[in-house]
Amino acid sequence: MSTREDLRRFYALEINHSSLGLSPWKDPHQRYFCTPEGAEIFSGPGVDGIHYVLLPEDERVFCVDPMAEESTYVLPVAEDFQEFLSFLLFCRDESPLAQLWRLNESEFRRLLEENAQNRWPGCEETLAAQSAALTAIAETFGSNPRDPFFKIKELHRAFDPADLVFSDEYYDVLGLENPRNTTSPKPETHYVLSASIRMKTGEERP
């Protein structure tokens, strides 16, 4: 089954997707300066502009992080959606996957331990919803938890960001020469979260 078919099955599940940090992306037109052109945004945790996308004619799952660095704004985090789910079962939510680009192995393991021990007032309902969601995923997709660290690092090393196509806003924000050398009028934009993150006017951060 393809990534897009598995994605549809995932969002058809009657689970609390937000307990995994994977709330459905509400507005397909809402994009950040580093969202690749043609990307299908399907989810985001609502933190720091992070969002997950599929690229045209590609089965891989990508994480877009506007708070990252130029060569790491967009990185693959799974070969396909089934693999993404197996990594999700291991980490119990999406956050470690989004942060893995900047972590070494000991930092990654420590983050998992901290997340497992994290408690806050009223957390019982969220943690119960998370456990129920993970159980439903494992049963529906026949998935098993899989340690993502070495596989995702391998995906990162093999990925060439030069293959990505970005909007004019990307080059404006980073002060880079636009390879298209366009002089056409650009839509008005405003900054959100920090001076380094820009999103099209009229949109709210998820």
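Criteria and cut-off values
- Residues numbered from 1 in each chain as written.
- Predicted model: local features only at pLDDT ≥ 70, side-chain atom pairs only at ≥ 80, totals over all residues.
- Heavy atoms only, no water.
- Core = buried A, V, L, I, M, F, W, Y, C linked by side-chain atoms within 4.5 Å.
- Buried < 20%, exposed > 50% of the residue type's maximum accessible area, 1.4 Å probe, protein only.
- Helix = DSSP H or I, 4+ residues; strand = E, 2+ residues; numbered from the N terminus.
- Phe/Tyr/Trp six-rings, centres within 6.5 Å; stacked < 30°, edge-to-face > 60°.
- Expected span 1.5 Å × (residues − 1).
- Arc of directions from axis to C-beta.
- Contact = heavy atoms within 4.5 Å.

> Describe in detail the nonpolar core, supporting the description with residues and values.
Among the nonpolar cores identified, the biggest contains 35 residues, and Phe-10, Leu-20, Tyr-52, Val-61, Phe-84 and Ile-137 are the most heavily contacted of them. Element by element, the count of residues in this core is highest for helix H2 (residues 81-91), at seven residues. Counting residues in each nonpolar core, the second largest holds 21 residues, with Cys-34, Ala-39, Phe-166 and Tyr-170 among its members.

> So what about the packing of aromatic side chains? Which residues, and what values?
Using the criterion set out here, one finds 14 aromatic pairs in the structure. Ring centres 6.2 Å apart and planes at 85° place the aromatic pair Tyr-73 and Tyr-170 in the edge-to-face group. With Tyr-73 in the loop between strand S4 (61-64) and strand S5 (74-78) and Tyr-170 in helix H7 (residues 168-174), this residue pair connects regions lying 97 residues apart in the sequence. Exposure class is identical for Tyr-73 and Tyr-170. Each is buried. Ring geometry for Phe-108 against Phe-149: centres 5.6 Å apart, planes inclined by 35°, an arrangement best described as tilted. Taken together, the residues Phe-108 in helix H4 (residues 105-117) and Phe-149 in helix H6 (residues 149-158) connect sequence positions 41 residues apart. Look at Phe-108 and you get buried, because its relative accessible area is 0%. When its relative accessible area of 6% is taken as the criterion, Phe-149 is described as buried. Among the aromatic side chains, those forming a connected cluster through ring pairs are Phe-10, Tyr-11, Phe-42, Tyr-52, Phe-81 and Phe-84.

> Got a sec to walk through helix H5 (residues 123-141)? Specific residues and values, please.
End to end, H5 covers 27 Å across 19 residues, agreeing with the expected 27 Å (1.5 Å per residue, within 8%). Among all positions of H5, only Cys-123, Ala-129, Gln-130, Ala-133, Leu-134, Ala-136, Ile-137 and Phe-141 are buried. All buried residues of H5 lie within an arc of 160° about the axis, which places them on one face of the element. Across from the buried face of H5, at angles greater than 90 degrees, the exposed residues are Glu-124, Glu-125 and Glu-139. Buried positions along H5 lie against helix H1 (3-12) and H2. Once H5 ends, the next one or two residues include Gly-142, with phi positive near 65°.

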